[in-house]
Structures are given as structure tokens and as C-alpha cells.
Amino acid sequence: MTTTLALVAELEQLGSEFDGVIAPLVDEQAIRAAQAQFLGKKGRVSEAMKALGKLPPADRPTVGAAANRVKDAITAAVDRKLGELVAAARAADLARTIDVTLPGRPHHSGHLHLLTQVRLEAQAIFAELGFAVAEGPQIETDWHTFEALAIPKDHPARDMQDTFYLSDEIVLRTHTSPVQIRTMQAQRPPIRIIAPGQVYRRDDDPTHSPMFTQIEGLCVDENISFADLKGTLVHFVSRFFGKSLAIRFRPSYFPFVEPGAEVDMACSFCEGRGCRVCKQTGWVEIGGSGMVDPDVFAHVDIDSERYTGFAFGMGLERMAMLRHGVNDIKYYYEGDLRFLGQF
Ligand code: PHE
């Protein structure tokens with residue numbers, strides 16, 4: 001039969017046994033499990049206390065006090081042990097050597113592609129003149145790309161275009177001029193739009209890529225003249241290159257304009273004196289232009305007796321090349337960060 005003394009001794013024994021149990025433990029979960037094994041509802045302390053009922057009532061407070069001491073001691077041992085673990089983890093962290101004098105690793109942030117930057121700038125400059133941005137599909141109908149622009153199927157001008165045909169009637173657009181047609185189908189004059197976008201031609205050498213970017217311009221209203229075309233382009237190149245550069249027109253033929261002209265600007269590198277970029281001529285070609293042909297107006301039901309308009313198309317890669325001295329069009333598309341990171 002259990003005596004009071006024996007039970008008190010057993011309880012104290014449990015207390016010291018617990019110290020031995022948790023001493024080797026190194027993680028919180030195991031420590032909590034050990035704690036439950038001793039102090040839980042069915043734990044060893046509770047089991048031992050079952051004998052309490054058989055003791056003389058006068059002795060019970062003594063045993064109860066002993067049980068409380070053991071519980072407090074176990075709880076304190078758990079807290080101490082957990083505290084030690086946290087401290088040990090901290091110390092290990094601090095012991096890891098960090099050379100605070102090492103230079104930091106630079107943080108590389110991305111930026112817009114050069115062509116995107118240049119396109120957004122061009123859009124902003126044309127916006128100053130009231131031109132809105134218009135868009136059209138890159139996979140385009142033969143009709144929008146050619147027919148409506150007065151280039152019928154047997155027209156010799158089709159040979160100039162090096163077209164990728166997807167079917168008899170569907171092409172990859174060879175220029176942004178079909179956006180002129182789409183815009184005039186959708187809205188009535190006054191019209192003032194620019195249409196930047198990718199175009200495709202079967203062409204591939206250091207200054208030509210099978211895909212490149214044009215900016216089309218179209219302005220249709222009453223009393224629009226060639227002088228308006230010139231004023232618009234002069235304003236654009238001056239703002240784009242940040243200095244006033246002369247523009248000259250060379251008579252040329254595009255079926256959808258009459259008269260038509262190729263646009264040259266004074267070489268932005270040598271300002272017209274002659275250098276390698278302009279092949280000593282002082283001029284560089286930047287695009288085609290002209291007054292909208294009445295035939296084109298007829299295709300989109302605009303009265304050519306009342307309205308006139310000008311149109312132009314420029315190569316964006318060319319403009320970016322002239323501004324930043326890029327000498328191979330392929331650099332734009334290769335995605336090489338050594339190139340792209342310069343802008
Ligand atoms: N679309 C023509 C080309 O790509 C350029 C151009 C546009 C010419 C508008 C005149 C008017 O060659």
C-alpha cells in the first residue's frame with residue numbers, strides 16, 4: 001500500500017526524471033511531447049496522483065503541494081529548455097561570418113526596348129499636332145493592303161513589295177498603309193492619325209529585316225495641301241532629333257498618292273556636311289509620302305472634290321538608327337542585353 005512519503009518521493013522522482021528526458025532534445029515539438037507525457041491528462045504525474053484517494057485525508061494537502069511543485073518544476077524546465085534553443089539558433093546565426101565590407105550586388109532593372117521608346121516618343125510628338133494613334137491587323141487582306149490603295153493584282157508596283165502571301169487573298173501586310181484604308185472606312189474627315197506597327201517583306205540583309213516597323217501618317221480634311229505635309233514632317237524631325245534639320249522631297253511613285261515623293265532629311269550625324277552615314281550626300285532617306293490619290297478616296301467613299309489629304313510612311317528602325325548610331329538592324333531583334341542595355 002502506497003504511503004504518503006512514498007508518493008511524495010515518487011512525484012519528486014518524476015521531476016528529476018523529466019530533466020533527464022528533455023536534456024538531449026533539440027526541437028520544440030519533442031520537448032512539448034515530453035511535457036505532455038508527464039503533465040498531460042493521462043500523463044505520469046496524473047497517474048501517480050490516482051493513489052491520492054487511498055491516503056488519509058489529513059495527508060492529502062502535503063501530497064497536493066508536492067504535486068504542484070513538480071508541475072511547476074517541469075513547466076519551468078520546458079521554458080528554460082525552449083529559451084536555450086532560441087538562444088542557440090541566434091548564436092549560430094551570428095557566428096556565420098558576413099563580410100559587411102563586400103560591395104552590394106547591383107540590381108538590374110529592365111526598361112522599354114529601344115524601338116518602343118522611339119515609337120512612344122514619335123507618338124507624343126505627333127500628338128502635339130493632333131494626330132491620334134490608329135491600329136490595324138498585321139495579317140491583312142489583299143484588298144486593304146493593295147487593291148484599295150490602287151495597287152491591283154497585275155500592277156507592277158506589287159513586285160516592289162516582296163509580299164508574304166498566306167493565301168490568295170490574305171497577306172502579311174507589307175506596309176502600314178492599309179491602316180489608312182481601315183481608318184477612312186471607320187471615320188469621316190477631319191482625320192488625323194498615325195499608325196505605328198510591324199510590317200513584313202521577303203528581304204534580309206544588314207539594312208533590311210523580314211519584319212520591321214513603320215509609322216504611317218494620314219491627314220484628311222478640307223484644304224489640306226502639300227505644305228501641310230512638309231510642315232508636319234519638318235516639325236517631327238526637329239522635335240525627334242532635337243535640332244532643326246531640313247527636309248527635302250524627291251519626286252517618286254506610290255500608286256496611292258499623287259503627287260508622291262520620297263522624303264529625305266538632312267543627315268543628323270553631319271548636319272548635311274557629308275559623312276559615312278549619309279554616304280557623303282548630306283541627306284538620308286526616311287520614308288515615302290504624298291497627297292492621297294482620288295482613287296483611294298473613291299474606295300472608301302470620301303468625296304475627293306471636297307477633301308484632300310496627305311499620307312506618309314517612315315521606317316522606325318531607321319529613325320532609331322539615325323538617332324543612336326545603330327549600324328545593323330538585326331541588333332533590335334536579337335534581344336542581346338549588351339545592346340539593349342545601352343538605351
Ligand atoms: N507605304 C509606303 C511604303 O511602305 C510608304 C508610303 C506611305 C508612301 C504613305 C506614300 C504615302 O513604301
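Worth saying up front: this structure is predicted, and the values here are computed from it rather than measured.

Engineer: Any chance you could break down the nonpolar core for me, citing the residues and the numbers?
Structural biologist: Soluble globular proteins: nonpolar side chains tend toward being buried together. Among the nonpolar cores identified, the biggest contains 44 residues, and F236, M265, I286 and Y332 are the most heavily contacted of them. Leaving out residues up to four positions away in the same chain, F236 has contacts with A122, I125, F126, M314 and M319. Of all hydrophobic cores here, the second largest spans 25 residues; its members include V179, A195, F256 and V296.

Engineer: I'd love a proper account of helix α2 (residues 28-39), names of residues and values included.
Structural biologist: For α2, built from twelve residues, the straight-helix expectation of 16 Å at 1.5 Å per residue is met to within 8% by its first-to-last C-alpha distance of 16 Å. Three or more residues of α2 are buried, namely I31, A34, Q35 and F38. The buried residues of α2 all sit within an arc of 100 degrees when viewed along its axis, so they share a single face. Considering only its buried residues, α2 is in contact with α1 (4-22), α3 (44-49) and α4 (60-95).

Engineer: Residue-level account of the domain arrangement of the chain, with values.
Structural biologist: As assigned here, the chain comprises domain 1 (4-95) and domain 2 (114-340). Each of domain 1 and domain 2 has a C-alpha centre, and the two are 87 Å apart.

Engineer: Describe the site of the ligand, naming the residues involved and giving the relevant values.
Structural biologist: Taken together, 14 residues surround the ligand, and among them H175, S177, R201, Q214 and G313 come closest. Contact between the ligand and H175: a nitrogen atom at 3.0 Å from a side-chain N or O atom of the residue. At a separation of 2.9 Å, an oxygen atom of the ligand approaches a polar side-chain atom of R201. Considering the ligand on its own, with 320 Å² of exposed area, one finds that the protein chains cover 92% of that surface. Sorting the residues of the shell around the ligand by element identifies β5 (211-221), β8 (283-292) and β9 (308-315) as the ones contributing at least two each. In terms of residue count, the dominant contributor to the shell around the ligand is β9 (three residues). Of the residues assigned to the shell around the ligand, the class counts are five nonpolar, seven polar and two charged.

Engineer: Describe the packing of aromatic side chains, and please don't skip the residues or the numbers.
Structural biologist: Applying the stated criterion to the full structure yields 13 aromatic pairs. Through successive ring pairs, a cluster of aromatic residues spans F126, F131, F236, F240, F241, F310 and F312. Sitting over the ring of F240, R323 keeps its end group 4.5 Å from the ring centre.

Engineer: Go over the pattern of salt bridges with me, naming the residues and quoting the values.
Structural biologist: Taken as a whole and judged by the stated rule, the model has 16 salt bridges. Residues D336 and R338 are paired through a salt bridge, measuring 2.8 Å at the closest nitrogen-oxygen approach. By relative accessible area, which is 26% here, D336 ends up partly exposed. Since its relative accessible area comes to 67%, R338 is described here as exposed. Each of the salt bridges in this network shares a partner with another, and the network as a whole consists of R248, R250, D264 and E285.

Engineer: Describe the sheet that holds strand β7 (residues 257-266), and please don't skip the residues or the numbers.
Structural biologist: Spatially, seven strands are ordered β1-β4-β5-β9-β8-β7-β6 in an open sheet, and the strand pairing comes out mixed. A single partner strand is all that each edge strand has here, and the edge strands are β1 (132-133) and β6 (247-252). As paired elements, β6 and β7 share six bridges and run antiparallel to each other. Bridge pairing in β7 links F249 to V263.

Engineer: Can you break down unusual backbone geometry residue by residue, with the values?
Structural biologist: Looking along the chain, the bond that leaves P189 and enters P190 is cis, with omega of 0 degrees. Examined against the element boundaries, P190 turns out to sit in the loop between α7 (178-186) and β4 (191-200). Of the consecutive residues E258 and P259, the connecting peptide bond is found in the cis state with omega at -5 degrees. Phi is positive for N223, which is not a glycine, with a value near 65 degrees. The topology assignment puts N223 in the loop between β5 and α8 (226-241). With a phi close to 50 degrees, K279 is a non-glycine residue in the positive phi region. Among the secondary structure elements, K279 is positioned in the loop between β7 and β8.

Engineer: Account for the environment of L7, with residues named and values stated.
Structural biologist: Relative to the helices and strands, L7 is located in helix α1. Taking the C-alpha atoms as reference points, L7 and Q180, 173 residues apart in sequence, are found 102 Å from one another. For L7, the contacting residues outside a window of four places in its chain are T2, A48, A51, L52, L55 and V63.

What counts as what
Residues numbered from 1 in each chain as written. Predicted model: local features only at pLDDT ≥ 70, side-chain atom pairs only at ≥ 80, totals over all residues. Heavy atoms only, no water. Core = buried A, V, L, I, M, F, W, Y, C linked by side-chain atoms within 4.5 Å. Buried < 20%, exposed > 50% of the residue type's maximum accessible area, 1.4 Å probe, protein only. Contact = heavy atoms within 4.5 Å. Helix = DSSP H or I, 4+ residues; strand = E, 2+ residues; numbered from the N terminus. Expected span 1.5 Å × (residues − 1). Arc of directions from axis to C-beta. Domains from an automatic or database assignment. Near = heavy atom within 4 Å. Polar contact = N/O pair within 3.5 Å; in protein donor to acceptor, adjacent residues only side chain to side chain. Areas by Shrake-Rupley, 256 points an atom, 1.4 Å probe, with all protein chains shown as cover. Nonpolar A, V, L, I, M, F, W, Y, C, P; charged D, E, K, R; others polar. Phe/Tyr/Trp six-rings, centres within 6.5 Å; stacked < 30°, edge-to-face > 60°. Lys NZ or Arg CZ within 6 Å of the ring centre and 35° of its normal. Salt bridge = Lys/Arg side-chain N within 4 Å of Asp/Glu carboxyl O. Pairing = 2+ DSSP bridges.

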